[in-house]
Each structure stands twice: as C-alpha cells, then as structure tokens.
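Understanding the architecture of this molecule
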Amino acid sequence: MVIITALTLDVSLSAIGVGLLLPALGVYFIYVEDRRKISPEDRINSTYRTALVERFDTPLRYTSLASLFVYQAITLYFAIDLSATSQTVLALLIAQLPLVFVYTYDYSKRYPLIDSAYVAVVWAVLISFPIFLTTAHRVTVSTVAVFVAWFAIIFAGVESRNVSDVAGDNEVNRTTVASILGPKRTGYLGLALKVSGLSIIYGLGGALPALLTGLYLLYLSLFRELTQSITPPREYSPDD
C-alpha cells in the first residue's frame, strides 16, 4: 500500500527507504494485540482462530512487542532528522497511533459505523505516515485524495469481513453496517467503495498503481477464500 501510494504521488521509494516497513510493523502489533484480547463474539465467529491465539499467546505477545519496538525505533531515527522540532514532536505523536488504537478500539465497537471508520482512518494514516516522515512531501490535494481512496477501500474490506461475523455479532448485541444492510447490500456497498478508491488512484497515478491495487485486492480475496474453505482437521484447545 505504501509503494502504491508512493507511485501515485510520484515519490521516490529509495527516499522512503526502511520507512516502507512502518505500516506492516504497526499493523502487526495492532492485529496481534487485538486478537489476544479475545471478545465474546470471537469465540462464536472464529472458534478455531481463538483457540490458536490462546495456544500461542506467549510468542504472539513477544513478537508484537518486538514489532512495536522496531516500529518506534525506525520512527525515532527519521523523526530526529526533521527540519523543525515541532515536526519531530508531531511525528512521534502520530507514531503512537497503534498504541492508541489498541486501547480504544473496543469502545468504538459499540457503534455500527464508527468502528469500521476508525479502522479505515488508522490504516490510511499508517499508510501515509512513512511518506511524510521520510520525504519532503507535504499535505496536498493529491495526498488527501489518496488518503480518501485508502479509507474507502479499507472500510469496504472491514465490512465485507463483518458479513461472515453477523451471527456472532448479533448474539452479543453488536451491531455492524453488515448486520444492518445484510450480505447483498453490504456487498454492493463494498464494491462501490473499492471501485471509487481504485478510480481515485487511477486518476492520480495512472494505470500502474491502479493495476497494483487491483492485484493486491485480488490477493487478499484469494487468501480469504482459502481461509474460509479450509476445514480444520480437529478443534484445538489451549491445552493441546
């Protein structure tokens, strides 16, 4: 996603350097810590995954902390070289977004629209962050447009995953956009958002970043299909 953004905005990948790793490190920390905080709906919607998370809780905890440490170290490395102290402070504050998200996301789940929007905003910020941290690129109409494109694509992805979790979400009284609209209309909404995001990227960056975005979405779709089609040979428990 960072590479696609850089191509769309005509930013040199070599200038970003190791900053390309920042979103992956931040998202890994968020994803693992969120999975480790097992919710009631997780036990209903994802029993197999929940058992695996409980079984491997210790290595997951250590790898997520290691990811956070490297993420913060890379941010500090670039932030101290920024031209103004205010920019350094702002960069270090933005870098705490994964920590803020981990400890506030559960609260956002109380609201059917806010939780997906929250995920989309955080992911879009993390995608954009390395470019502003490592290069002289600043906020322009184009950067805002790319941010909106990723927001739309990520929001669509969150809600499309919520479709398969409707039963468990309803059982614990958690309302989502998917549970309100139903599978078909949620599918139409997701398609419209993804096409809109792709169109923005194509309009700004041309065919290559749009093609890479399409391939990336197909890649994610393929692995979702594989995950959903695999039936575990047996149920695991944390004591196995």
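A few points on the structure. Everything numeric here is computed off the predicted structure, so don't read it as measured data. (Residues numbered from 1 in each chain as written. Predicted model: local features only at pLDDT ≥ 70, side-chain atom pairs only at ≥ 80, totals over all residues. Heavy atoms only, no water.)

Another aspect to go through is the overall build of the chain. The secondary structure content of the chain amounts to 14 helices and zero strands. Reading the chain from its N terminus to its C terminus gives the helix and strand order α-α-α-α-α-α-α-α-α-α-α-α-α-α. Computed over the C-alpha atoms, the radius of gyration of the chain is 19 Å, within 12% of the 18 Å expected from 2.2 N^0.38 for a compact globule of 240 residues. Taking contacts inside the chain between residues at least 6 apart in sequence as the whole, the part at least 24 apart equals 70%. Working note: accessible area of the chain is about 12,900 Å², and carbon and sulfur atoms make up 67% of it. Placing the 17 positive and 18 negative side-chain charges of the chain at their respective mean positions leaves the two points 2 Å apart. (Helix = DSSP H or I, 4+ residues; strand = E, 2+ residues; numbered from the N terminus. Rg over C-alpha atoms; globule rule 2.2 N^0.38 Å. Contact = heavy atoms within 4.5 Å. Areas by Shrake-Rupley, 256 points an atom, 1.4 Å probe, with all protein chains shown as cover. Lys, Arg positive; Asp, Glu negative; His and termini not counted. Charge placed at Lys NZ, Arg CZ, Asp CG, Glu CD.)

Attention shifts here to the environment of Ser 128. Locating Ser 128 in the fold gives a position in helix H9 (residues 114-134). Classification of Ser 128 as buried rests on a relative accessible area of 13%. It is 20 Å that separates the C-alpha atoms of Ser 128 and Val 195, two residues lying 67 residues apart in sequence. (Buried < 20%, exposed > 50% of the residue type's maximum accessible area, 1.4 Å probe, protein only.)

Counting residues in each nonpolar core, the largest one holds 43 residues, and the members touching the most others are Ile 30, Tyr 71, Leu 133, Trp 150 and Ile 154. Every element with two or more residues in this core is listed here: helix H1 (2-9), helix H3 (22-36), helix H6 (57-79), helix H8 (97-108), H9 and helix H10 (141-163). The greatest single-element share of this core, amounting to 11 residues, is contributed by H9. Beyond its immediate sequence surroundings of up to four residues, Ile 30 is in contact with Pro 98, Phe 101, Val 102, Val 122, Trp 123 and Leu 126. (Core = buried A, V, L, I, M, F, W, Y, C linked by side-chain atoms within 4.5 Å.)

Looking at the element boundaries, Thr 143 is found in helix H10. Once residues lying within four places of it in the same chain are set aside, the contact partners of Thr 143 are Leu 9, Phe 132, His 137 and Arg 138.

The next subject is H9. Compared with an ideal rise of 1.5 Å per residue, which puts 21 residues at 30 Å, H9 spans 30 Å between its outermost C-alpha atoms and is within 8% of the ideal. Where H9 bends most, at Ser 128, the angle is about 30°, and the proline Pro 130 comes one to four residues later. (Expected span 1.5 Å × (residues − 1). Bend = angle between axes of the 7 residues up to and from the residue.)

So, about a nonpolar patch on the surface. On the surface, Tyr 219, Leu 220, Leu 222, Phe 223 and Leu 226 cluster together to form a nonpolar patch covering roughly 480 Å² of accessible area. Along the chain, Leu 222 falls in helix H14 (residues 207-229). The partly exposed category is assigned to Leu 222, whose relative accessible area is 47%. (Patch = residues over 30% accessible without salt bridge, like charges linked within 9 Å, V, L, I, M, F, W, Y side chains within 5 Å. Salt bridge = Lys/Arg side-chain N within 4 Å of Asp/Glu carboxyl O.)

Take unusual backbone geometry next. The phi dihedral of Asp 10 is positive, around 60°, even though this residue is not glycine. Within the element layout of this structure, Asp 10 appears in the loop between H1 and helix H2 (13-16). Judged by its relative accessible area of 72%, Asp 10 is exposed.

In this model H3 runs 21 Å from its N-terminal to its C-terminal C-alpha over 15 residues, within 8% of the 21 Å that 1.5 Å per residue would give. Turning to H3, its buried residues are Leu 22, Pro 23, Leu 25, Gly 26, Phe 29, Ile 30, Val 32, Glu 33 and Asp 34. Buried residues along H3 sit in contact with H1, H6, H8 and H9.

This part is about the pattern of salt bridges. Pairs may arise between side chains of opposite charge once their charged atoms sit close together. On inspection of all chains with the given rule, the structure shows five salt bridges. The shortest N-O distance in the salt bridge between Asp 34 and Arg 35 comes to 3.1 Å. Residues Asp 57 and Arg 36 are paired through a salt bridge, measuring 2.8 Å at the closest nitrogen-oxygen approach. Of this pair, Asp 57 sits in helix H6 while Arg 36 sits in helix H3, and the two are 21 residues apart along the sequence. One network of salt bridges, with partners in common, ties together Glu 33, Arg 36, Asp 57 and Arg 61.

This part takes up the packing of H3 against H6. What describes two packed helices is the angle between their axes and the distance between those same axes. Packing of H3 against H6 brings their axes to within 8 Å, and their N-to-C directions diverge by 150°. It follows from the interaxial angle that H3 and H6 lie roughly antiparallel. In this structure, the crossing between H3 and H6 has a hand that is left-handed. Residues Leu 22, Leu 25, Gly 26, Tyr 28, Phe 29, Val 32, Glu 33 and Arg 36 of H3 lie in contact with H6, whose contacting residues are Asp 57, Leu 60, Arg 61, Thr 63, Ser 64, Ser 67, Leu 68, Val 70, Tyr 71, Ile 74 and Thr 75. Of the residues belonging to the contact of H3 with H6, the class tally is 10 nonpolar, five polar and four charged. (Axes fitted to C-alpha atoms, helices over the stretch in contact; angles between N-to-C directions. Parallel < 35°, antiparallel > 145°, perpendicular 65-115°, else oblique. Left-handed = near helix turned anticlockwise from the far one by under 90°. Nonpolar A, V, L, I, M, F, W, Y, C, P; charged D, E, K, R; others polar.)

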